[in-house]
Amino acid sequence: MAHPSLLERIEKSTLSTLCDGMDAALEAVDDTLFKLADKAGTNQAQSLYFEAMRTVRLHREAIERRFRDDVSAGFKALARQAETFKDNQTLRLVETDELERTLAVAGMADRVEREHRNPIEHLRARFNRVLPDDRSTDDWPVAPRRIARVFAEAMRVADLNIEPEVVLLKLFDTHVMSRLGPLYADLNELFMKAGVGLDLPAQDAPALRQTQTEDLLKAFFSAPAAAPAPTYSSGDPGGGFPALPMAPGDIAAALSNLPAPRATTGFTLPAAAIKQHLVQTRESSGRALGQMDERVIDLVAMLFDVLLGNPGLTPAYKSVLGRFQIPMIRLALLDQSVLLQRTHPARRLVNAVARAGYGAADDETDPVLEQAERAAETCADCTDSDDWERAARAFEAVLERAQDTEAQIHERAIRREARAQVDTQVRAALDAIIGDASLPAFVDDFMDTVWRDWMKTIYNEEGPESLRWSRALETASLLVWTLLAKKTDADVQQMVGALPGLLRELRAVMRSRHMPRAERTAFLDRLAHEHGRISRRGDHEAPPAAVEEDAPVVEPTSGAESFLQRKAKEIRELLETGALAASGDTGAVAGDVFESMALKMPAGTWLEISEEDGLLRRMKLSWRSEITGLLYFVNHRGLKEAKLSTAELAEILRENHAKILRSAPLQIDDALPVAVSRLKGD
């Protein structure tokens, strides 16, 4: 177990970062909600946002306290070897608002996990090193999913409507979740200073090498040359004076005259060709390349060889990425921090272009490719970091628009599936009520239209635990029971006594659904005819076709009561077992290796699809629905490419129509250790 002071320092750093972000997010609430209220189309929507502003102000201190306490609880739980934070994710009929909240939380957590995969894995591994038992990624105190869930739970203090609550979740994503990347770097550093290293399995070796990149580069540049031979000027090759090293500024200027690589020979120039050009350029001066300069050229040239060797890049993007090779060499000769600093604008730009080109099609009209070409043109002669920063920001803005497009696809899919979830659950509840009863066609139609819409409205407005929902189920159950054959006179008498209250409920609902008067009358007349037919077992009083609005409700007993009790029990069992969940393949079980691959495929995985016409299409698994199990795929611009079930994806893989590419594009952080290893001959 780690010394308590280490966890205390980690907790302090975490709370400082998260609470600063929370403060910024809540400070932005008024302006954001005011703008939405100003744009609202109705007085009701405007009032909703103004009321939310007031509510957040009143409960701000409580929200912040709840958030801080729950984050701290995660750290305190480590000492007790038990997690104290509990969310409300029990197996039950999911309300629409709860569904939207859950999916919003999952969306922001997934994004952070994709963007900071390696530092998250390192931090998780380090937490596990100081704990007596392994914990899943969601259990350690600063996991993205846990942080997002803690805020969603803290927001319950304010009891907001879902529309303003989603706004606050987006502000939390912007101001808090965006700070997790730097926080994870700081926490990994705290662990390392405390002597807590990594103990990763063999498949995580690349991630381990990434954390040691700085040490690797320092060792590479400081290693002595293998039997270096003195370099002489060309004017005295046989034993004259040793050549003086070329100044970095002179080398940078000479690189501007390098010829572009030919398309037939590759997208970059070999290091040997670059050095030969520089020596030839400076022969008359009697100067030569210094050892450090040669190593910089060798490393950057090899770095681009590794980056461009990624099969996920198309030729068009390889070409534009290769145009950054010489500018990067020039920049590295003048400032080696470009190789050491992950946040350097040149590295950010090259990484962004490599990321954008992963999965892209060779389309000359691609706006992302056009912006990449503009960035390459801008940086062709750049030696100033500010120029690289401007180019990087311009290109990142284009990528952000693509990410926004992908996010909009998620939101539309979430709303569609939320509606489908409600519809499926209402249908399932009504199916449970009707069972194998054979109802008249006009009643079947009424239940499938008017009553189903009524129950969906209740579900959306109040949820499945409300009194109105229970009453709607009881009314539907009573209607079904009155239309079943009656075996005894007592059952007939009970039916007759229950009809006034039943008809009153039916009339009220039909009016609320704006059912035309003529249709209401026709339905009730036909219903009276059915009840009259069922009641003719002797000289019983015929059931009323019309009743007063305030007619008393006769409570059902015996047969009706047992029927309603049985139906209530059946629906409770469906709720408890999750059988009212939306249809889909969320519970699919792998039948073969391809179904297993489809079931376990993580978000962010790229596929290369072979079309019937021989063309290749690339798409990324962007999101897997937790409701239906459907998989949503997008292209590199964030536009929707396909929506597949697990079975459909498995079939594509089985028929060898798809090839799985790397789950993420190769970045400089990944490529540097490989480049150093190749240069060392490992």
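Up top is the structure these notes are about.
Computed from a predicted structure; not experimentally measured.

**Student:** Let's hear about the packing of aromatic side chains: which residues, and what values?
**Tutor:** Counted by the stated rule, this structure contains 9 aromatic pairs. Between Phe442 and Phe523, the aromatic rings sit 5.6 Å apart at their centres with planes inclined by 70°, giving edge-to-face as the arrangement. Placement of Phe442 in helix α20 (residues 441-462) and of Phe523 in helix α23 (residues 517-535) is noted, with a sequence separation of 81 residues between them. Pairing Phe446 with Phe523 gives two aromatic rings, centres 4.3 Å apart and planes at 25°, and the pair type is stacked. A residue pair is termed long-range when its members are at least 10 positions apart, and Phe446 in helix α20 and Phe523 in helix α23 qualify at 77 residues. Each residue in the set Phe442, Phe446, Trp451 and Phe523 is aromatic and connected to the rest through ring pairs, giving one cluster. Lys486 extends its terminal NZ or CZ atom over the ring of Trp481, reaching a point 4.5 Å from the ring centre.

**Student:** If you had to explain a nonpolar patch on the surface to someone new, which residues and values would you point to?
**Tutor:** On the surface, a nonpolar cluster with roughly 240 Å² of combined accessible area is contributed by Val593, Met597 and Ile660. Along the chain, the position of Val593 falls in helix α25 (residues 593-600).

**Student:** Give me the lowdown on the sheet that holds strand β5 (residues 631-634), citing residues and values where you can.
**Tutor:** Taken in spatial order, the 5 strands line up as β6-β5-β4-β3-β7 in an open sheet, and their pairing is antiparallel. One side of each edge strand has no neighbouring strand; the edge strands of this open sheet are β6 (640-644) and β7 (658-660). Each adjacent strand pair in this sheet contributes to an overall mean axis angle of 30°, direction not counted. Note: strand β4 (residues 616-624) against β5, 4 bridges, orientation antiparallel.

**Student:** Quick rundown of the pattern of salt bridges? Include the residues and the values.
**Tutor:** For the structure on display, the rule yields 29 salt bridges. Between Arg60 and Asp23 there is a salt bridge whose closest N-O contact spans 2.6 Å. Pair noted here: Arg60 is in helix α3 (residues 43-80) and Asp23 is in helix α1 (residues 4-27), with a separation of 37 residues, a long-range link. In this structure Arg60 comes out as buried when scored by relative accessible area, which is 19%. For Asp23, a relative accessible area of 37% puts it in the partly exposed group. In this structure, Arg57 and Asp30 form a salt bridge, with 3.0 Å as the shortest nitrogen-oxygen distance. Note that Arg57 is positioned in helix α3 and Asp30 in helix α2 (residues 29-39), a separation of 27 residues in sequence.

**Student:** Account for unusual backbone geometry, naming residues and giving values.
**Tutor:** The phi dihedral of Asp159 is positive, around 50°, even though this residue is not glycine. Owing to a relative accessible area of 67%, Asp159 belongs among the exposed residues under this scheme.

**Student:** For helix α6 (residues 144-155), give the residues involved together with the corresponding values.
**Tutor:** Between its first and last C-alpha, α6 extends 17 Å over 12 residues, near the 16 Å set by a 1.5 Å rise per residue. Most of α6 is tucked away: 12 of the 12 residues are buried. Buried residues of α6: Pro144, Arg145, Arg146, Ile147, Ala148, Arg149, Val150, Phe151, Ala152, Glu153, Ala154 and Met155, and no others.

**Student:** Residues and numbers for the nonpolar core, please.
**Tutor:** In this structure, Phe324, Met328, Leu349, Val353, Trp388 and Phe395 are the most contacted members of the largest nonpolar core, which totals 57 residues. When residues of this core are assigned to their parent elements, the largest contribution, 11 residues, is made by helix α13 (residues 291-308). Ignoring any residue separated from it by four or fewer positions in sequence, one finds Trp388 in contact with Phe324, Pro327, Met328, Leu331, Pro345, Ala346, Leu349, Cys379 and Cys382. One finds Phe127, Val142, Phe151 and Phe172 within the second-largest nonpolar core, a separate group that totals 50 residues.

**Student:** Lay out the environment of Leu307 with the relevant residues and their values.
**Tutor:** Here Leu307 shows up in helix α13. Placed 364 residues apart in sequence, Leu307 and Ala671 show a C-alpha to C-alpha distance of 6.4 Å. Look past the residues within four positions of Leu307 in its chain and what remains in contact with it is Leu313, Leu321, Val350, Leu666, Gln667, Ile668 and Ala671.

**Student:** Pulling in residues and values, what's your account of the pairing of β4?
**Tutor:** Pairing geometry for strand β3 (residues 606-610) and β4, over 5 bridges, is antiparallel. Across the sheet, the residue bridging to Leu607 is Met619, located in β4. Hairpin remark: β3 followed by β4, antiparallel, with 5 residues in the connecting loop; positive phi at Gly614, about 90°.

**Student:** Tell me about helix α22 (residues 489-512), and name the residues and values.
**Tutor:** For an α-helix, the turn length of 3.6 residues means that residues three or four places apart are oriented alike. The end-to-end C-alpha separation of α22 is 35 Å, in line with the 34 Å expected for 24 residues at 1.5 Å each. At Leu499, α22 shows its maximal bend, which comes to roughly 40°, and the proline Pro500 appears one to four places after that position. Of all 24 residues that make up α22, 17 are buried, and the element is covered over most of its length. His514 lies just past α22 and shows a positive phi near 60°.

**Student:** Describe in detail a positive patch on the surface, supporting the description with residues and values.
**Tutor:** Together, Arg416, Arg419, Lys640 and Lys643 make up a positively charged patch on the protein surface. Locating Lys643 in the fold gives a position in strand β6. The exposure class of Lys643 is partly exposed, given its relative accessible area of 38%.

**Student:** Give me the environment of Ser5: which residues, what numbers.
**Tutor:** On the secondary structure map, Ser5 appears in helix α1. Look at Ser5 and you get partly exposed, because its relative accessible area is 27%. Sequence spacing of Ser5 and Ala194 is 189 residues, and the spatial spacing of their C-alpha atoms is 10.0 Å.

**Student:** Account for the pairing of β5, with residues named and values stated.
**Tutor:** The alternating pattern of β5 places Leu631 and Phe633 on one face and Tyr632 and Val634 on the opposite face, and all of these are buried. In this structure, β5 lies alongside β6, joined through 4 bridges in antiparallel fashion. Among the inter-strand pairings, Phe633 is bridged to a residue of β6, identified as Ala642.

**Student:** Quick rundown of the side chain of Glu608? Include the residues and the values.
**Tutor:** Secondary-structure assignment places Glu608 in strand β3. For Glu608, a relative accessible area of 11% translates into the label buried. There is a polar contact of 2.9 Å between the side chain of Glu608 and the side chain of Arg618.

Conventions used here
Along every chain, residues carry numbers that run from 1 in the direction the sequence is written. At least 70 in pLDDT is required for a residue's local features to be given in this predicted model, at least 80 for side-chain atom pairs to be given and counted, and no such filter applies to totals for whole chains, interfaces and linings, which use all residues. In computing side-chain values, all of the structure's heavy atoms are included and hydrogens and water are not. Ring pairs are drawn from Phe, Tyr and Trp, using the six-membered ring of Trp, whenever the two centres fall within 6.5 Å, and their geometry is named by plane angle: stacked under 30 degrees, edge-to-face over 60, tilted for the rest. A run of H or I in DSSP becomes a helix once it reaches four residues, and a run of E becomes a strand once it reaches two; helices and strands are each numbered from the N terminus. As a reminder, the over-ring test applies to NZ of lysine and CZ of arginine, requiring each to be within 6 Å of the ring centre and within 35 degrees of the ring normal. Without a salt bridge and with relative accessible area above 30%, a residue can belong to a patch; like charges are then joined within 9 Å and nonpolar side chains (Val, Leu, Ile, Met, Phe, Trp, Tyr) within 5 Å. Exposure was quantified through the Shrake-Rupley algorithm and a 1.4 Å probe, taking into account, for residues, occlusion by the shown protein chains and nothing else. Put simply, a salt bridge is a Lys or Arg side-chain nitrogen that is within 4 Å of an Asp or Glu carboxyl oxygen. Any two strands with at least two DSSP bridges between them are considered paired. Helix axes are fitted to C-alpha atoms over the stretch in contact, other axes to C-alpha atoms as well, and angles between N-to-C directions run from 0 to 180 degrees. Relative accessible area decides the class of each residue, using a 1.4 Å probe on protein chains only: under 20% of the type maximum gives buried, over 50% gives exposed, and in between gives partly exposed. Under the convention used throughout, the expected extent of a helix is 1.5 Å for every residue step, that is, one less than its residue count. The set of buried Ala, Val, Leu, Ile, Met, Phe, Trp, Tyr and Cys residues whose side-chain atoms join them within 4.5 Å is what this entry labels a nonpolar core. By definition in these notes, contact holds between two residues if any of their heavy atoms fall within 4.5 Å. Note that bend, as reported per residue, equals the angle between axes fitted to the 7 residues terminating at that residue and the 7 residues originating from it. When charges are tallied, Lys and Arg are placed among the positive residues and Asp and Glu among the negative ones, while His and the ends of the chain are skipped. Where a charge lies is defined by one atom per residue type, namely NZ (Lys), CZ (Arg), CG (Asp) and CD (Glu). Distance and chemistry together define a polar contact, namely a pair of N or O atoms within 3.5 Å, with one atom able to donate a hydrogen and the other to accept it when in protein, and with adjacent residues in sequence counting only for side-chain atoms on both sides.

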